[in-house]
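Residue-level listing of the chains:
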Amino acid sequence: MTAPAQAQGGAPSAGTSVPAAIRSLFSGSLAGGLVQLRRALHQHPELSLAETETARRLATALTDVAGLPRADVRLVGTAVIGRVRGRQPGAPVVALRGDIDALPIQEATGLPFASQVPGVMHACGHDVHATWAVGAAALLAAAPAPGDVVIVLQPAEEIDRGAAAVLDAGVLDGVAAIFGGHVDRRFAVGQVVADDGPLAASADTFTIELVGHGAHAARPQESADPVVGAGALIVAAQAIVARRVHPATPAVLTIATLHAGTANNIIPDRAVLTGTIRTVDPATRRLVREELERMAGAIATAYRLEARITVELGPPPLVNPHQPAEWARQAVRTVLGDRALAPLGIVNLAAEDFARYLERMPGCFLRIGAREPGGDPIAAHSPHFTAAEESIFVGAAVLAETARVSSQAYLAAQAAK
Ligand code: NI
C-alpha cells in the first residue's frame, strides 16, 4: 500500500483527516521540515544501538527545525536529549519520549521514501515517534509549558535496552513525569487512546534445560529420556494459563523452541525449551513464572530428569496510572475535541520499554491513530507497515499539549503546598 501523495517537503495537503485546528498550529515551514525529517528517517533506518546517523539527524532537527539553542541539545550514546525552556524557572520538569530505532525487516511498502537500507526498515513507526518529539519541541519552544520539557529521543526500544540506558545516564533525574506514544493503524488519524490501566504486556523469556541421560534408541530402559519429558512439559504447561490464571486476565505462555537430539537412533542427554511469558499485571506475571518453575521441576522429577530453568525478566507491564492519563486526555480534548478519544479495546500483548520509565516515575503512554482514510489496519512489524503522514501533526500537538497540562498541574500542586 502507499501513503497519500504529498509534495516533498510541502505543507500537509488539503482533504486529509487532520482537523484544521491542529493544522493551524504548524507553520508551512515547520510542517514541511517535519515531513522531510520523517521521510529522511524512514529512508535511512538504523538498528538498535546503531542509530548514529539517526541521532545526528535528530540533533540537527532539534536545532534547525524545532529551534532549540545548540547548548540545549546533547547526545548520550545514540540517544539525543533536548531541553525546551519553560516560562518559569524552577517550575516542575516533565519529559516527552520518542523512540528512534528500526527493525531487521525488508521493506515492502512501495513508498517513494521507502528504506534504502536492505533488510532494515522502520516497521514500527519509530520514524514518526521521533518526528513527534521534534515537532512537540518546536510547538513548546513557541508556546512554552510552565516548566522545562526534556525531549528524550531514545534508541534501542526494540531490544529493551534504550529506556534503561536513558535512566542509568541520569537524564531523567528530577523529572516529575514522562509521556510518549505509539502509532496504531487500528485507529484513524485524529483518534487517540489515553486509557488508564494496561496498554502493553510484560515480556519475560525463559530457557528450560531438561537433563537426563542418553542411550541407544532401541534400549530406552537404560535412559532417562529428556525428549519424552519435554513433551510432557509442553502439554502440562498449557494448564497454567488455562487453569491457574483468572480467565478475565490476559496472559500468554508460549514455548517457542525445542531442541534435542542428533540422530534417529540415539536418545539424547538433554532437551532445551525456550519461550516467552506475557502478562499485564505484576501478580499474574509472578504467578505464571512460579507455576512454570514448579511444573518444570515436578515433570522433571516424574521423568527422572533434572530441570534447570532460567527466566530473563524483560520490560514490565505498561500500566497507565489515572492522573497522568487524565492530563493526556485533557490535552487530547483541547487539541482535537472530545470525540477524538477512543477506547483501547482488547489489550495488545506486545511489550514496550516505556514501561521501564513508569517503574520510576508517573506518566502516560498513548496510542495515536495512524490509518489514513480508506486504509487498512496493518500491524506493526509487518513489511507493509507505514504510519499515515498526517499522524505526525496529531502526535506532536497532543504530546506538546500534554506536557503543558501536566507541567501546569505539577506547578499548581507545588504552589498549594
Ligand atoms: Ni514500536
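Model, not experiment: these values are computed from the prediction.

### Focus: the overall build of the protein
Argument step 1. In terms of helices and strands, the protein carries 10 helices and 15 strands.
Argument step 2. Relative to a compact globule of 417 residues, whose C-alpha radius of gyration would be 22 Å, the protein shows 24 Å and is just as compact.
Argument step 3. Across its three principal directions, the C-alpha atoms of the protein cover 80 × 55 × 40 Å.
Argument step 4. Expressed as a percentage of its 417 residues, the buried residues of the protein come to 55%.
Argument step 5. A fraction of 81% describes how many contacts in the protein between residues 6 or more apart in sequence connect residues 24 or more apart.
Argument step 6. Each charge class in the protein can be summarised by its mean position, and for the 34 positive and 39 negative side chains these summaries are 3 Å apart.

### A word on unusual backbone geometry
Argument step 1. Positive phi is not limited to glycine here, since D160 has a value of about 60°.
Argument step 2. Relative to the elements of secondary structure, D160 occurs in the loop between β4 (149–154) and α5 (162–168).
Argument step 3. Take D160: its relative accessible area is 19%, and that puts it in the buried class.
Argument step 4. Its identity is not glycine, yet R304 carries a phi of approximately 60°, on the positive side.
Argument step 5. Looking at the element boundaries, R304 is found in the loop between α7 (282–302) and β13 (306–312).

### Comments concerning the pairing of strand β2 (residues 79–84)
Along a regular strand, successive side chains alternate from one face of the sheet to the other.
Argument step 1. Burial runs high along β2: 5 of the 6 residues are buried.
Argument step 2. Pairing between strand β1 (residues 73–76) and β2: 4 bridges, direction antiparallel. Within the sheet, the bridge partner assigned to L75 lies in β2 and is V80.
Argument step 3. Count of turn residues in the β1/β2 antiparallel hairpin: 2 residues, of which G77 carries a positive phi of about 65°.
Argument step 4. One ladder, built from 5 bridges, connects β2 with β4; its direction is antiparallel. Bridge pairing links R83 to V150 in β4.

### Quick notes on the coordination of the nickel ion
Argument step 1. Coordination of the nickel ion by the protein involves C124 (SG), H126 (NE2) and H182 (NE2), with metal-donor separations of 2.2 to 2.3 Å.
Argument step 2. Mapping the donors of the nickel ion onto the primary sequence gives the spacing C-x1-H-x55-H. You can see C124 sitting in the loop between β3 (93–99) and α4 (126–142) and its partner H182 sitting in strand β5 (residues 175–188), a full 58 residues away along the chain. Of the two residues, C124 and H182, neither departs from the other in class, the shared state being buried.

### Describing the sheet that holds strand β10 (residues 251–260)
Argument step 1. Strand order in the open sheet formed by 4 strands is β10-β12-β8-β13, with antiparallel pairing between adjacent strands. Looking at strand neighbours, the two that pair on one side only are β10 and β13, the edges of this open sheet. Across the sheet, the mean angle separating the axes of adjacent strands is 20° when strand polarity is ignored.
Argument step 2. Of the pairings in the sheet, the one linking strand β8 (residues 202–211) to β13 comprises 7 bridges and is antiparallel in character. What sits directly across from I208, in β13, is I309.

### Section: the sheet that holds strand β6 (residues 192–193)
Argument step 1. If you trace the 7 strands from one edge of the open sheet to the other, you get β1-β2-β4-β3-β5-β15-β6, paired in mixed fashion. Of all strands in the sheet, those bounded by a partner on one side alone are β1 and β6.
Argument step 2. Contacts from helix α3 (residues 52–64) reach β1, β2 and β4 within the one sheet, and its direction differs from that of β2 by about 10°.

### Topic: the nonpolar core
Argument step 1. By size, the foremost hydrophobic cluster in this structure holds 70 residues, and its most contacted members are F26, L62 and L153.
Argument step 2. Residue contributions to this core peak at 11 residues, all from helix α10 (residues 391–416).
Argument step 3. Contacts of L62, omitting those with residues within four sequence positions, involve G67, L68, V73, V80, G82, V134, A137, I151 and L153.
Argument step 4. Counting 26 residues, the second-largest nonpolar core is a separate cluster that includes A79, V166, L167 and L344.

### Comments concerning the pairing of strand β15 (residues 363–371)
Argument step 1. In terms of burial, β15 is a largely internal element, 8 of the 9 residues being buried.
Argument step 2. When β5 meets β15, the two strands line up parallel, connected through 8 bridges. Within β15, the position partnered with H182 by the bridge is R367.
Argument step 3. Examined bridge by bridge, β6 and β15 share 2 bridges and lie antiparallel to one another. By the bridge assignment for β15, V193 is matched with R367.

### Let's talk about the packing of aromatic side chains
Argument step 1. Inspection of the entire model under this criterion finds 4 aromatic pairs.
Argument step 2. Taking the centre distance of 5.0 Å and the plane angle of 40° together, the rings of F354 and F365 count as tilted. One end of the pair, F354, is in the loop between α8 (322–336) and α9 (355–358); the other, F365, is in strand β15, with 11 residues separating them in the sequence.
Argument step 3. Its relative accessible area of 0% is what places F354 among the buried residues.
Argument step 4. Linked through ring pairs, F354, Y357 and F365 together constitute an aromatic cluster.

### Some details on the pattern of salt bridges
Argument step 1. According to the stated counting rule, one finds 26 salt bridges in the structure shown.
Argument step 2. Among the ionic pairs, D160 bridges to R356, the shortest N-O distance being 2.6 Å. Residue D160 is found in the loop between β4 and α5, and its partner R356 is found in helix α9; the two are separated by 196 residues along the sequence.
Argument step 3. Across the pair R294 and E291 runs a salt bridge whose closest N-O atoms are separated by 3.1 Å. One end of the pair is R294 and the other is E291, both in helix α7 and 3 residues apart, which spans about a single turn.
Argument step 4. On the basis of relative accessibility, which here comes to 8%, the residue E291 falls in the buried class.

Calculation notes
Residues numbered from 1 in each chain as written. Predicted model: local features only at pLDDT ≥ 70, side-chain atom pairs only at ≥ 80, totals over all residues. Heavy atoms only, no water. Helix = DSSP H or I, 4+ residues; strand = E, 2+ residues; numbered from the N terminus. Rg over C-alpha atoms; globule rule 2.2 N^0.38 Å. Buried < 20%, exposed > 50% of the residue type's maximum accessible area, 1.4 Å probe, protein only. Contact = heavy atoms within 4.5 Å. Lys, Arg positive; Asp, Glu negative; His and termini not counted. Charge placed at Lys NZ, Arg CZ, Asp CG, Glu CD. Pairing = 2+ DSSP bridges. Donors = N, O, S within 2.8 Å, 3.2 Å for Na, K, Ca; no water. Axes fitted to C-alpha atoms, helices over the stretch in contact; angles between N-to-C directions. Core = buried A, V, L, I, M, F, W, Y, C linked by side-chain atoms within 4.5 Å. Phe/Tyr/Trp six-rings, centres within 6.5 Å; stacked < 30°, edge-to-face > 60°. Salt bridge = Lys/Arg side-chain N within 4 Å of Asp/Glu carboxyl O.

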